[in-house]
Amino acid sequence: MKASEIFDRSNPPRLDDAPRSGTLSQKEVLAIPVTASGARAEVARGLLLLWHDHWDAAHKMAQRDEGEPDHDHLHAMAHRREGDFGNAGYWVRGAGEHPSFVLISSRLEPLLAKHPLREKLLPGGEWEPLAFLKVVDKGRKGPDETLLRAIQAEEIVAYYEWLTQ
């Protein structure tokens, strides 16, 4: 199943952990076939759960292998949605310069090409998740909320595609 069939970008996840309409049940999400194996499959399922607003289940997936960069990256995304920005920052630092950032950067470049946030979020053309964390912390209810949700959506989809390639 292709990412475009799984992720409805017209209804991207919120910047908090509140549920929204139009998402799949946890049972439906876990029935989606994932082409990755092992730990990557687990993280990919965690991303699917996070996209469909099953925060607790996504968080449990992230916790299964703490200290492993793929899980830590998911863990950071989960805590950012929860609004626990200090904890999210801890996990961003734990994930380090994740190899998925190259794909994430390429997906975000067109979205941010002419926006003032570009220099903050893609300095030198490279994804800066700590900067995004700070921007979300300050602006999740502001005028850039729609853009920030779109950025988060591209981040999730690109990371899922990286895991399942």
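Treat the numbers as computed from the prediction; the structure is a model and nothing was measured.

Rules of the game
Residues numbered from 1 in each chain as written. Predicted model: local features only at pLDDT ≥ 70, side-chain atom pairs only at ≥ 80, totals over all residues. Heavy atoms only, no water. Helix = DSSP H or I, 4+ residues; strand = E, 2+ residues; numbered from the N terminus. Rg over C-alpha atoms; globule rule 2.2 N^0.38 Å. Buried < 20%, exposed > 50% of the residue type's maximum accessible area, 1.4 Å probe, protein only. Contact = heavy atoms within 4.5 Å. Areas by Shrake-Rupley, 256 points an atom, 1.4 Å probe, with all protein chains shown as cover. Lys, Arg positive; Asp, Glu negative; His and termini not counted. Charge placed at Lys NZ, Arg CZ, Asp CG, Glu CD. Core = buried A, V, L, I, M, F, W, Y, C linked by side-chain atoms within 4.5 Å.

Caption draft 1: Spatial organisation of the overall build of the protein. Summing up its helical and strand segments, the protein has ten helices and zero strands in all. Moving toward the C terminus, one meets the helices and strands of the protein in the order α-α-α-α-α-α-α-α-α-α. What you see for the protein is a C-alpha radius of gyration of 14 Å, in line with the 15 Å of a compact globule of 165 residues. A burial count over the protein gives 51% of its 165 residues as buried. Sequence separation of at least 24 residues holds for 67% of the intrachain contacts in the protein that already meet a minimum separation of 6. Surface summary for the protein: the accessible area is close to 7,800 Å², and the carbon and sulfur share equals 50%. A gap of 3 Å separates the mean positions of the 21 positive and 26 negative side-chain charges of the protein.

Caption draft 2: Broad picture of the nonpolar core. If you look at the biggest cluster of nonpolar residues, it comprises 49 residues, and the most contacted ones within it are Leu 121, Trp 127 and Ile 151. For this core, the secondary structure elements donating two or more residues are α3 (38–51), α4 (55–63), α5 (69–82), α6 (85–95), α7 (101–112), α9 (129–139) and α10 (145–164). Of the residues forming this core, the biggest block, eleven residues, is contributed by α10. Look past the residues within four positions of Trp 127 in its chain and what remains in contact with it is Phe 101, Ile 104, Ser 105, Leu 108, Leu 121, Leu 122, Phe 132, Ile 151 and Glu 155.

Caption draft 3: Highlighting the environment of Ala 39. Within the fold, Ala 39 resides in helix α3. Take Ala 39: its relative accessible area is 35%, and that puts it in the partly exposed class. In the structure, Ala 39 is positioned 124 residues away from Leu 163 in sequence and 9.5 Å away in space, judged by C-alpha atoms.

Caption draft 4: Main features of the side chain of His 71. By secondary structure assignment, the location of His 71 is in helix α5. By relative accessible area, His 71 is classed as buried at 0%.

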